[in-house]
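Chain residues, written in single-letter form:
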Amino acid sequence: MKKRLSFLFLSALFLVLSYRFFGLWPFSFFAIVPFFYFINTKEKKSFFHVFLIGFFFGLFYSGLLIFLVLFQHLLILILATLICGAFFGAFGVVYVYLKGDDIFDVFIFSSLWVLFEWLRQIIFRDFDYTVIAYTTYSINFLMSFASIGGTYAVSFLVVLFNSFIGYFKINGFNKNFRKVLLLTAFGILIIFTFNKVYLNLGNKNGHEISFSSIQTNKNHLEYGEMKDKVLSLNTEMENYVYKAVGMKTEYIIYPDNPVQYILTDNSISANKYISATFNDVSTKLSKIIPQNTNFIYWADTIRKNEGDNIFDEFVFYKNGTTTNYYQKRNLHPFYDLSSNYFRNTGVINVPYEYSASKENKIVYVGDGERFGNLSCSELNYSFLARGDSLMGANIILSLGNSSVFEQGVLGSLNVVLAQYRAIETNLPFIRSDMWGPSVLINKNGIINSELKNSKTGILYGKLFVEDFPQKTIYSYWGDYFLIVLLLLYLFFVILYKCKNKQFIKV
């Protein structure tokens, strides 16, 4: 058992090392093989034994990965790790119950893996970072399948590759193996080709846009202050803006609050958090930002007719005035549950509670840019990006700050999430992060420009924005398309085994 645990630990370690933060992505194509091997060997095992194999693999895998992000929050780390371990244990038991000791076990294993990923995302509300698709950040061929079935389609392919290797290790290169492997590879290539042809249909007219995203090596710069009823911005922020202006870009992005706490309308009654109004900020910006240059910044706001509700917001400025805004629709799902805990540990540094916007909106700017928006943790929600795509967005903007968590690990994962949101919607994507990394990503999920984590400076780059981009299968169907197919497949597996009385009895 000790030897088996050692192999499971190494398997989990290789899997964690394949994530973008470490950069050893080839490991993900064989890291799961020991787990597959141990629950498929011919030796007699009880369901409890199988559960332990899955539990310890999941414990090592999720524990190592979650530790990188939450090592200062021991209670949350332990709880999340135990839940993930239990999921993998249950996965092992269900798989052993359904498998038939033939080549088609590779499809049962891969299907169940994806379904259990899907269930974990339901439990963690899309904040389970152990999705194995996140290891494919450098393999555009595999990532492109997200435009059909989202990240779960990519997870299926990665696990399927591991399963074929594991099956070969146990059974060798027999005739059935060779036949099924070739047919599977052919089927994958056919699906890839048809999807590429579909995505390239339609009008490809569009225009190129330049962006500059400001990034510092601090959580945020010092806030601007009102002095004699005139707003004075932080000098370092102004210097960054001047540098961005010198690049002659069409959009300058500052992913943080330029003033402390709240920006508000003059008509709002006095609030203890208010430090400046939109007019104050616009007046100041008009002195440092040229005409016809768009400036986008992050703010905590109160607006007229919205009472004392406080919103997490993107503000769009041009030619001396606020032109539009986007308010965060989906707060972090555990914000209410954990806000006081994270305030006490310094992760949350605002004294107030945000409200979620009830408005789904596209922000229309410039010469045909239609921005879909994902604020900070909304990057995790593929359904928001899908919805924006269906409403007509032709580019997606995400502002955030991942520096509240440790060592840039979450920031690195956020880049991969941004790649997937671009592929899922067939839209170019901007991820602007004050701490980094900040990236410009084309519609195929390829990173055009990147400013690495903890680097100080300005990310400059261009993105091509199509007037009317082709909508993906995933935009229309979301995760339901693949999940229903996998459930139907397993349903027929169960029917077949019931008819032939092939269930394993332990």
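Residues numbered from 1 in each chain as written. Predicted model: local features only at pLDDT ≥ 70, side-chain atom pairs only at ≥ 80, totals over all residues. Heavy atoms only, no water.

Draft legend 1. Representation of the layout of surface pockets within the structure. Put simply, the second largest pocket is a space of about 540 Å³. Lining the second largest pocket are 23 residues, with Phe156, Leu157, Ile191, Leu482 and Leu485 sitting closest to its centre. Contributing elements (two or more residues each) for the lining of the second largest pocket: α5 (105-123), α7 (146-171), α8 (175-199) and α15 (480-500). Element by element, the count of residues in the lining of the second largest pocket is highest for α8, at eight residues. Class assignment of the residues belonging to the lining of the second largest pocket gives a composition of 18 nonpolar, five polar and no charged. (1 Å grid on protein atoms, 1.4 Å probe; cavity = no way out; pocket = protein on both sides within 12 Å on 5 of 7 lines; lining within 4 Å. Points joined across faces, edges and corners; volume = space filled by probe spheres on them. Helix = DSSP H or I, 4+ residues; strand = E, 2+ residues; numbered from the N terminus. Nonpolar A, V, L, I, M, F, W, Y, C, P; charged D, E, K, R; others polar.)

Draft legend 2. Representation of empty space enclosed by the protein. The final tally for this structure, using the stated rule, is four cavities of 30 Å³ or more. Counted as a void, the largest cavity has a volume near 120 Å³. Taken together, Gln121, Asp126, Tyr134, Thr151, Tyr152, Asn380, Ser382, Leu417, Arg421, Glu424, Tyr474 and Asp479 make up the full set of residues lining the largest cavity. Listing elements by their share of the lining of the largest cavity, those giving two or more residues are α7 and α13 (409-425). Top contributing element to the lining of the largest cavity by residue count: α13, with three residues. By residue class, the composition of the lining of the largest cavity is four nonpolar, four polar and four charged. One number sums up the size of the second largest cavity: a volume of about 70 Å³. Lining the second largest cavity, in full, are Ser144, Ser147, Asn195, Lys196, Leu199, Ile423, Asn426, Lys443 and Asn444. Residues of the lining of the second largest cavity, tallied by class, amount to two nonpolar, five polar and two charged.

Draft legend 3. Region of the structure containing the nonpolar core. Formed by 94 residues in total, the largest nonpolar core has its most connected members in Phe35, Tyr61, Phe109, Trp113 and Tyr134. No other element matches α7, which puts twelve residues into this core. Residues contacting Tyr134, with those up to four places away along its chain left out, are Tyr19, Gln121, Asp128, Tyr129, Thr151, Leu413, Val416, Leu417 and Tyr420. Residues Leu231, Ile288, Phe295 and Met434 belong to the second largest nonpolar core, which totals 25 residues. (Core = buried A, V, L, I, M, F, W, Y, C linked by side-chain atoms within 4.5 Å. Buried < 20%, exposed > 50% of the residue type's maximum accessible area, 1.4 Å probe, protein only. Contact = heavy atoms within 4.5 Å.)

Draft legend 4. A look at the pattern of salt bridges. This structure, assessed with the given rule, holds eleven salt bridges. Two residues, Lys284 and Glu238, come together in a salt bridge whose shortest N-O distance is 3.4 Å. You can see Lys284 sitting in helix α10 (residues 278-285) and its partner Glu238 sitting in helix α9 (residues 235-246), a full 46 residues away along the chain. Owing to a relative accessible area of 18%, Lys284 belongs among the buried residues under this scheme. By relative accessible area, which is 13% here, Glu238 ends up buried. Note that Glu450 is salt-bridged to Lys452, the shortest N-O span being 3.6 Å. (Salt bridge = Lys/Arg side-chain N within 4 Å of Asp/Glu carboxyl O.)

Draft legend 5. Here's a closer look at the sheet that holds strand β14 (residues 438-441). Taken in spatial order, the six strands of this open sheet run β10-β11-β12-β13-β14-β15, and their pairing is mixed. The two strands at the open ends of the sheet, each matched to only one other strand, are β10 (363-365) and β15 (447-451). For this sheet the average axis-to-axis angle between neighbouring strands, irrespective of direction, equals 20 degrees. (Pairing = 2+ DSSP bridges. Axes fitted to C-alpha atoms, helices over the stretch in contact; angles between N-to-C directions.)

Draft legend 6. Broad picture of unusual backbone geometry. The peptide bond linking Gly436 to Pro437 adopts the cis configuration, its omega dihedral lying at -5 degrees. Structurally, Pro437 is set in the loop between β13 (429-433) and β14. We note that Asp228 has phi near 55 degrees; this positive angle belongs to a residue other than glycine. Locating Asp228 in the fold gives a position in the loop between β2 (225-227) and β3 (230-232). Given a relative accessible area of 78%, Asp228 falls into the exposed group. Non-glycine residue Cys376 carries a positive phi angle of around 50 degrees. Examined against the element boundaries, Cys376 turns out to sit in the loop between β11 (369-375) and α12 (382-390).

Draft legend 7. Seen up close, the pairing of β11. Counted residue by residue, β11 has seven buried out of seven residues, so it is predominantly covered. What you see with β11 is no split at all: Glu369, Phe371, Asn373 and Ser375 on one side and Arg370, Gly372 and Leu374 on the other are buried throughout. The pairing of β10 with β11 spans three bridges and is antiparallel. Pairing of Val363 across the sheet is with Phe371, part of β11. As consecutive antiparallel partners, β10 and β11 are separated by three residues, and within that stretch Gly366 has a phi angle of approximately 65 degrees, a positive value. Here β11 pairs with strand β12 (residues 395-400) via five bridges, running parallel. Paired with Ser375 across the two strands is Leu399, which belongs to β12.

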